[in-house]
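In case you want the letters, here they are:
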Amino acid sequence: MSQALIRKQAVQLETIDDVQRLGEVLARSGFFSDASQAAQACVKVLAGRELGIGPVAAMTGIHVIKGKVTLSANLLAAAVRRSGRYNYLVRKLDNEGCAIEFFEEGKSIGTSEFTKQDAQQAGLTGNQQWKTFPRNMLFARALSNGVRWFCPDAVGTTAYTPEEMAGIEDAEGEIIEAASEPARVIPMPAQPQAEVIEAEPVEAATPVEYCDRETALAIARLWPSAGPVDRQTGKVTPMTAWLEAKAKVRTLGELTAERARRLLEELQKRALAKAEAEAASAAAAPQERKPDGLDQWKCSRATAMAVLQACEKAEAAGITEADWRAQMPAGIASRKDLSEEQARDFVELLNLATDAISKL
């Protein structure tokens, strides 16, 4: 069947009357247990239109729970793949956990993992669906977390699955249990007139906000130089070890937004204090002569050598000279013109880019 024929046969919803008539048909069909009234079906169809989802797919995969629009795991996965910008790859899926790596325009942007231990800590495993379909439930949680963290614009709304909002899906994505209140509908008068829908006020649950991508990247950049130091080794504590010991999480994405913000502020204060101390020490120490042809550089010899090594490492990983030159601050034509602070930032940025490419 051609695409032109499919488009011609698609339901045309040009006015609110069209939506109301379709809502009545869908509600009276009896095929959708959570939309027995026309108003409920209309809300699902309208929510689907905003997300680019057809009426039938919206009826089966979209659920309004506690005032929040939720999408089944199947629809979330399809939205990511259909975006054209994002994609995902399931790296692990068994009864113990699920790990999904997300990509933006072919480049990895992070991994979302949800384990059986996470489910137990959240008090989820007592539900029958978690006992019967653990892999499906783990996949749904890992997927919805990843969409919220790495590609929220793929769905155009906050990504929640029904089981996160007190509704429970079965293996096919169908709602079998939901804590929602039915809408009260005023019947339409005999004359053609818009249907008046009056809904009981429902107190919407406030979802927990987690660390966003920008904050996570800022923390990752500052950690090597400003992270907490292990008193025994005298070295910066690895981020993963610190997160597990102090925050009881495995990744930055699992931190709440407020805790991530406080952590970033603390790292920024440490980085500033360290930079001020180094500047004072450099001012007090005699100026060293930079051998090896680096006497024309504005930054210190050690930093200049670090810049050269970072560029060489980046080119070995496939980053061209034009690419790494594009990362230098505006108005800087040559590496030798970088100040001490600019040179260190350039080295850090270039090393992050090189490491990211090496992991692909």
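## Thoughts on the sheet that holds strand 5 (residues 107–115)
1) Next: Strand order in this open sheet of three strands is 3-4-5, and the pairing throughout is antiparallel. Of all the strands in the sheet, the pair left with one neighbour each is strand 3 (86–94) and strand 5. In this sheet, adjacent strand axes meet at a mean angle of 15 degrees when their direction is disregarded.
2) Next: Of the pairings in the sheet, the one linking strand 4 (residues 97–104) to strand 5 comprises eight bridges and is antiparallel in character. For Phe103, the partnering residue across the bridge sits in strand 5 and is Ser108.
3) Next: On top of the sheet, helix 8 (residues 134–150) reaches strand 3, strand 4 and strand 5; it is set at about 140 degrees to strand 5, its chief contact.

## Here we look at unusual backbone geometry
Leaving glycine aside, a negative phi is the common case for residues, and trans is the common case for peptide bonds.
1) Next: Here Glu105, not a glycine, exhibits a phi torsion of approximately 55 degrees, which is positive.
2) Next: Position of Glu105 relative to the elements: it lies in the loop between strand 4 and strand 5.
3) Next: With relative accessibility at 65%, the residue Glu105 sits in the exposed group.
4) Next: At Lys248, a residue that is not glycine, the phi angle is positive and equals roughly 60 degrees.
5) Next: Within the fold, Lys248 resides in the loop between helix 10 (239–247) and helix 11 (257–284).
6) Next: Residue Lys248 is classed as exposed on the basis of its relative accessible area of 65%.

## Re the confidence of the model for the protein
1) Next: When pLDDT is averaged along the protein, the result is 78; 80% of the residues meet or exceed 70.
2) Next: Here residues 1–9 is a poorly scored stretch, pLDDT under 50, and it has three contacts once near neighbours within four places are set aside; other chains count.
3) Next: Low pLDDT, under 50, characterises residues 178–186; the stretch is placed with 22 contacts to residues that sit more than four places away or in other chains.

## Structural notes on the nonpolar core
1) Next: Judged by nonpolar contacts, the single largest core of 34 residues is most densely connected at Ile100, Phe102, Leu143 and Val147.
2) Next: Of all the elements in the fold, those that place two or more residues in this core are helix 5 (73–82), strand 3, strand 4, strand 5 and helix 8.
3) Next: Element by element, the count of residues in this core is highest for helix 8, at nine residues.
4) Next: Leave out the neighbours within four places in its chain, and Ile100 touches Tyr88, Leu89, Val90, Arg91, Gly110, Thr111, Ser112, Phe139, Ala142 and Leu143.

Cut-off values and rules
- Residues numbered from 1 in each chain as written.
- Predicted model: local features only at pLDDT ≥ 70, side-chain atom pairs only at ≥ 80, totals over all residues.
- Heavy atoms only, no water.
- Pairing = 2+ DSSP bridges.
- Helix = DSSP H or I, 4+ residues; strand = E, 2+ residues; numbered from the N terminus.
- Axes fitted to C-alpha atoms, helices over the stretch in contact; angles between N-to-C directions.
- Contact = heavy atoms within 4.5 Å.
- Buried < 20%, exposed > 50% of the residue type's maximum accessible area, 1.4 Å probe, protein only.
- pLDDT = per-residue confidence, 0-100.
- Core = buried A, V, L, I, M, F, W, Y, C linked by side-chain atoms within 4.5 Å.

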